[in-house]
Every structure is written in structure tokens, then in C-alpha cells.
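Spelled out from the first residue to the last, the chains are:
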Amino acid sequence: ALVPSLTTLSTAGRAEYARTLRRVAAALLVGAALIVGLAVVAGRPALVHLFGSAYAVPRSDVTLLAVGGAEFLAANVLGQALIARGDHARAALAWLVVLPAIAAGILLGSGVVRQAELGLILGGAVVCVAQGAQLGAVLHSRGRARPVA
């Protein structure tokens, strides 16, 4: 459970909290790279092996879905970091701004699979940037953390 640990750190001090978030972000980047790399190398063959050739999708589709999934994983961790500091409204705002990005991805895509991929990738990128910006604003503010109970 990430929120309780981050909540404890947020009350201990901004420097330790920021240091921990940098370590978590580095681990997320490594994990995302591994997920995407695994999807590129083994995603399509794994789908064929598990579900048969009727469910084979192009490697590009598996890769795009892995990138979008990794982005949303990162966004969830960033959101938990905001919630741990008691900034629920900032976390919610970041999730609200993602809706137009998902809609844009759907409108830009041709075919339902590409629409889903573009919506996922654009939405994931926007929510990560929004969560990161909100978290940066929180960490650079002079206010004290309002940890969850």
C-alpha cells in the first residue's frame, strides 16, 4: 500500500518525501520500460500461444496498449502521492482533464482498436503530465501537508 507509506513520509518532511518520490518515479520508469519491452518482444507470440491465432494482433497494437497501460500505472502512483498529502481535489482535477484527451484520441483514430489505443496513449500522457504538474506545485508550495487520516 503506497498511500500509507507516502502519508507518513509527507508529514516527516518535504525533502524526504521528494527523495522517495524520485526513487518511486525511477522504479516506475524501469518497470514501464520492461513492460513495453516485453510487449514488443513477447506480446504477440504470447497472445497466439494463450488464445490461438484467431486472436493474434499486430505487434504495434500490443506495444501501443502497453505504453498506454504503463502511463496509467504511473498516473495512479502520482495520484496516490497527491492523496497521501491530502490533495484529493488536485488528484481529481488531473483525472478530469484527461477526458478531452481520451475523446481526441478516439476521434483521431481510424477503426475501433486504433481509437482505443490513441485514446489510451493520449489520455495516459495527459493525466501523467497533469498529475506531475499538480504534484510539483504541491512540493514547491510553502503549505504543510494535509495527510489523510
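Residues numbered from 1 in each chain as written. Predicted model: local features only at pLDDT ≥ 70, side-chain atom pairs only at ≥ 80, totals over all residues. Heavy atoms only, no water.

Engineer: For this particular structure, what's the right way to read the packing of helix α1 (residues 2–12) against helix α2 (residues 14–51)?
Structural biologist: Helix-helix packing is characterised by the crossing angle of the two axes and by the distance between the axes. Relative to each other, α1 and α2 sit at 145°, their axes nearing to 6 Å. Residues L6, L9 and S10 of α1 pack against E16, Y17, T20 and L21 of α2. For the contact of α1 with α2, the per-class residue count stands at four nonpolar, two polar and one charged. (Axes fitted to C-alpha atoms, helices over the stretch in contact; angles between N-to-C directions. Helix = DSSP H or I, 4+ residues; strand = E, 2+ residues; numbered from the N terminus. Contact = heavy atoms within 4.5 Å. Nonpolar A, V, L, I, M, F, W, Y, C, P; charged D, E, K, R; others polar.)

Engineer: It is not clear to me how the pattern of salt bridges should be interpreted in this structure. Could you clarify?
Structural biologist: Should the charged atoms of two oppositely charged side chains come close, the side chains can pair. One pass over the full model with this rule turns up five salt bridges. Of the charged contacts in the structure, one is a salt bridge between D61 and R114, with a shortest N-O distance of 3.2 Å. Residue D61 is located in helix α3 (residues 59–84), and its partner R114 is located in helix α5 (residues 112–140); the two are separated by 53 residues in the primary sequence. R90 is the salt-bridge partner of D87, the closest N and O atoms lying 4.0 Å from each other. With relative accessibility at 7%, the residue D87 sits in the buried group. (Salt bridge = Lys/Arg side-chain N within 4 Å of Asp/Glu carboxyl O. Buried < 20%, exposed > 50% of the residue type's maximum accessible area, 1.4 Å probe, protein only.)

Engineer: In this structure, what is going on with the nonpolar core? I would like to understand it.
Structural biologist: Taken as a class, soluble globular proteins show a tendency for nonpolar side chains to be buried jointly. In terms of nonpolar packing, the biggest core is built from 11 residues, these being L6, L9, Y17, L21, A81, L82, A84, A91, L135, V138 and L139. The residues contacting L21, other than those within four sequence positions of it, are L6, A81, L135 and L139. Listed in part, the eight residues of the second largest apolar core include L28, F72, A74 and V98. (Core = buried A, V, L, I, M, F, W, Y, C linked by side-chain atoms within 4.5 Å.)

Engineer: What exactly am I supposed to notice about the packing of α2 against α3 here?
Structural biologist: Relative orientation of the contacting elements α2 and α3 amounts to 160°, with a least axis distance of 8 Å. Classified by the angle their axes make, α2 and α3 are roughly antiparallel. Our pair here, α2 against α3, has a crossing hand that is right-handed. Each residue belonging to the contact of α2 with α3 can be placed in one class, and the counts come to 21 nonpolar, two polar and two charged. (Parallel < 35°, antiparallel > 145°, perpendicular 65-115°, else oblique. Left-handed = near helix turned anticlockwise from the far one by under 90°.)

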